[in-house]
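Now for the letters of each chain:
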Amino acid sequence: MASNSSSRTCFFLVYDHERILRARNAYIAAAVFNCITMLPAIVLNVLLMMGMYRSPALRKPSTLLLYSLSASDLLLCMIVQPGYVAKKVGRLTDSFSLYCKSGILTYTMGVLLNGVSFLNLTAIAFDRFLIVTSRIHYQEKVTKQRVIATIASIWILMTVLPIIQFWVTRATAFMITATFIISCIVITTLCYVLYTQIKPAENLKDIRQQL
């Protein structure tokens, strides 16, 4: 507990009632925005997954990465967004219990699922890079078993990351998260830059057949 009566802590979360009152309108706007976008995002991700499942052209090992990406986005919409709204409601109604429970849920699942999305995007970028560098050997390197193992590793790794927050300082957790995000962005950018530079115009047809 913090010494200030208007400020309370829930693990690593800080509940400051006075600050909440000052930002009341912003909290209301954030809650309303998430309520509005939640359902369309769920529907779009479900439709995307159904489309990939029904299309024979998309039944390739690398498509599993898109499934994983859509699954993480879908879970974000179904778990994190409602939790985020509940967290805002807890703040606005001065319900510390609701704020604490929904806040922990939102943070842990948010870090997990956003991390999965980042790593999936990085894996997809690396997959595009392998297409132009491996060419005829691409299908030998990118097998269904290897893609499944990669996806499983991504989800397991990102299950561990949010748990770290409960044992380290907030600053340390922030540095770990920032390093992770920056690494993903750098790797993804490099892969796509190299992809566009290596890809010869005369081999576009062969490359598209791998996609």
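Remember, it's a predicted structure, so these values are computed and weren't measured experimentally. (Residues numbered from 1 in each chain as written. Predicted model: local features only at pLDDT ≥ 70, side-chain atom pairs only at ≥ 80, totals over all residues. Heavy atoms only, no water.)

So, the pairing of strand β1 (residues 7-10)
Heads up, the condition is: Pairing between two strands requires that DSSP report at least two bridges joining them. Secondary structure elements are defined from DSSP: runs of H or I of at least 4 residues count as helices, runs of E of at least 2 residues count as strands, and each element is numbered from the N terminus.
As paired strands, β1 and strand β2 (residues 13-16) are joined by four bridges and run antiparallel to one another. Its bridge partner lying in β2, Ser7 is registered against Asp16. Adjacent in sequence and paired antiparallel, β1 and β2 are bridged by two residues, among which Phe11 carries a positive phi angle near 60°.

Considerations on the environment of Ser102
Operational definition: Any pair of nitrogen or oxygen atoms within 3.5 Å is treated as a polar contact; in protein, a donor-acceptor pairing is required on top of that, and neighbouring residues in sequence qualify only through side-chain atoms on both sides.
Position of Ser102 relative to the elements: it lies in helix α4 (residues 96-134). Along the backbone, Ser102 and Leu121 are 19 residues apart, and their C-alpha atoms lie at a distance of 27 Å. Engagement of the side chain of Ser102 in a polar contact is seen with the backbone oxygen of Leu98, the distance being 2.5 Å. At 3.4 Å, the side chain of Ser102 forms a polar contact with the backbone oxygen of Tyr99.

Quick notes on the side chain of Lys88
Note the cut-off: Accessibility here uses a 1.4 Å probe with only protein chains present; expressed as a share of the type maximum, an area under 20% marks a residue as buried, one over 50% as exposed, and anything in between as partly exposed. Residues are treated as being in contact if the distance between any of their heavy atoms lies within 4.5 Å.
Residue placement: Lys88 occurs in helix α3 (residues 63-92). Assessed through its relative accessible area of 6%, Lys88 is described here as buried. Excluding residues within four positions of it along the chain, Lys88 makes contact with Tyr27, Ala30 and Ala31.

Section: the UniProt feature "transmembrane region" (unreviewed entry) in the protein
Note the threshold: UniProt positions are given in the numbering used here, feature names are shortened, and annotations may be inferred rather than shown by experiment.
Under the local residue numbering, the UniProt record ascribes the feature "transmembrane region" (unreviewed entry) to residues 26-52, 64-84, 104-126, 147-168 and 174-195. Annotated as 100% helix and 0% strand, the span residues 64-84 places its first and last C-alpha atoms 28 Å apart. This span, residues 147-168, is 82% helix and 0% strand, and a straight line between its end C-alpha atoms measures 32 Å.

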